[in-house]
Amino acid sequence: MSDKSFFYKFNEAKENSRVVLIPFITAGFPDKKRFWEELEELDENGADIIEIGVPFSDPVADGPVIEAASLKALQEGVDISYILDGLSQRKFNSSLVLMGYFNPFYKYGLNRLIEDCFKVGVKGLIIPDLPLEEYQRYFPKQSKVSYIPLIGLNTSLKRMEDYAKLNPPFVYLVSVLGITGNELSIEDSLFSSLEKIKKIFSCPVVLGFGLSNPTQIKPLISFIDGVVFGTSLLRFLNNGGKSREFLQKWKT
């Protein structure tokens, strides 16, 4: 089931000739108190959708910056309950997505996870290490929380077609063959993947991994509907910056 709030976010951005802005921030980062302050700043300063990273001890898709943030958050006791309890006490204009690995979600309880996410306004889940077949095995066909597939540069056409059958609210293209934090490289393989995705999926396409400034996406602007930035935001916050300052340069 695709949540209508995603549709409205992408539609509003399109009407204003811009891409949807999707910052990623690890829950509990830079610390447990400041995390909520930064989340509210992101919400108030132009984030259309916010990805909240669920800390995990072995984040295989993440680079050193996000991995370090995740491990620090775990040491401070950050878990899914901390995230959902905090969200239950706040209201956001941005659509919220949880990005996390399957083990913590499974441990929490998948039916419980869906119900609790729905109650606090989490609209979608991104699970990098859960294959499509396993998602279909463990999650109900009609879920209150949308599944958002990750597509790689090496994802086959058949695989894309299978993901498209799920009718996701948007699809997330991983721009590099590797982990987060690797610099985006504009190559033929990226254009080729975007062309295929646009033909197969009827939903918006967002680009993530390796994005740090708006100039990077200029050659791709006709192919994408949104951008995800995580490592560059966390690095900025780690150096004493504020979320509103980081978002300002993207609001062009």
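Chemist: So what exactly am I meant to see when it comes to the packing of helix α3 (residues 64-75) against helix α10 (residues 231-238) here?
Modeler: Helices that pack against each other are described as a pair by the angle of their axes relative to one another and the distance between those axes. As a packed pair, α3 and α10 sit with axes 9 Å apart at the nearest point and diverge in direction by 60 degrees. One way to sum up the angle between α3 and α10 is to call them oblique. As α3 packs across α10, the resulting crossing turns out to be left-handed. Counted together, V65, I66 and A69 of α3 and T231, L234 and R235 of α10 form the full contact between these two elements. Looking at side-chain class alone, the contact of α3 with α10 contains 4 nonpolar, 1 polar and 1 charged residues.

Chemist: Got a minute to help me understand the packing of aromatic side chains in this structure?
Modeler: Describing an aromatic ring pair means giving the distance of the ring centres and the angle of the ring planes. Per the stated rule, a full pass over the model turns up 17 aromatic pairs. Seen from their ring centres, W36 and Y82 are 5.6 Å apart, and the 50 degrees between their planes marks the pair as tilted. Pair noted here: W36 is in helix α2 (residues 32-44) and Y82 is in helix α4 (residues 80-88), with a separation of 46 residues, a long-range link. W36 gets classed as buried once you look at its relative accessible area, which sits at 8%. Taking 4.8 Å as the distance between ring centres and 20 degrees as the angle between the ring planes, the aromatic pair formed by Y135 and F139 counts as stacked. Since its relative accessible area comes to 6%, F139 is described here as buried.

Chemist: How do you make sense of the pattern of salt bridges when you look at a structure like this?
Modeler: Should their charged atoms come close, side chains of opposite charge can pair. Within the structure shown, the criterion is met by 15 salt bridges. For the salt bridge of E38 with R34, the shortest nitrogen-to-oxygen distance reads 2.9 Å. A residue pair is termed a helical-turn pair when its members lie 3 or 4 positions apart in one helix, as E38 and R34 do in helix α2 at 4 residues. By relative accessible area, E38 is classed as buried at 0%. On the accessibility criterion, R34 (18% relative accessible area) is buried.

Chemist: Even after reading the chapter, I still don't get the side chain of E41, so can you show me in this structure?
Modeler: Along the chain, E41 falls in helix α2. The exposure class assigned to E41 is buried, which follows from its relative accessible area of 11%. Leave out the neighbours within four places in its chain, and E41 touches K242, S243 and R244.

Chemist: Looking at this structure, I do not really get helix α6 (residues 110-120). What am I missing?
Modeler: Two residues of an α-helix separated by three or four positions point the same way, owing to the 3.6 residues in each turn. Along α6, the residues classified as buried are L110, L113, I114, D116, C117 and V120. Residues of α6 that are buried sit in contact with α4, β3 (95-99), α5 (102-108), β4 (122-126) and α7 (132-138). Phi turns positive one or two residues past the end of α6, at G121, with a value near 95 degrees.

Chemist: Could you clarify how one ought to interpret the sheet that holds strand β6 (residues 150-151) in this entry?
Modeler: Across a sheet, paired strands are connected by hydrogen bonds in the backbone, their directions being either parallel or antiparallel. Ordered by their spatial adjacency, 9 strands build an open sheet running β5-β4-β3-β2-β1-β9-β8-β7-β6, and the pairing between neighbours is parallel. The open sheet has two free edges, formed respectively by β5 (146-147) and β6, since each of these has just one partner strand. Where strand β2 (residues 49-53) lies against β3, 5 bridges are found, and the strand directions are parallel. Bridge pairing links I49 to S95 in β3. Strand contacts of α6: β3 and β4, with the helix running at about 135 degrees to β4, the strand carrying the most contacts.

So, how was this worked out
- Residues numbered from 1 in each chain as written.
- Predicted model: local features only at pLDDT ≥ 70, side-chain atom pairs only at ≥ 80, totals over all residues.
- Heavy atoms only, no water.
- Axes fitted to C-alpha atoms, helices over the stretch in contact; angles between N-to-C directions.
- Helix = DSSP H or I, 4+ residues; strand = E, 2+ residues; numbered from the N terminus.
- Parallel < 35°, antiparallel > 145°, perpendicular 65-115°, else oblique.
- Left-handed = near helix turned anticlockwise from the far one by under 90°.
- Contact = heavy atoms within 4.5 Å.
- Nonpolar A, V, L, I, M, F, W, Y, C, P; charged D, E, K, R; others polar.
- Phe/Tyr/Trp six-rings, centres within 6.5 Å; stacked < 30°, edge-to-face > 60°.
- Buried < 20%, exposed > 50% of the residue type's maximum accessible area, 1.4 Å probe, protein only.
- Salt bridge = Lys/Arg side-chain N within 4 Å of Asp/Glu carboxyl O.
- Pairing = 2+ DSSP bridges.

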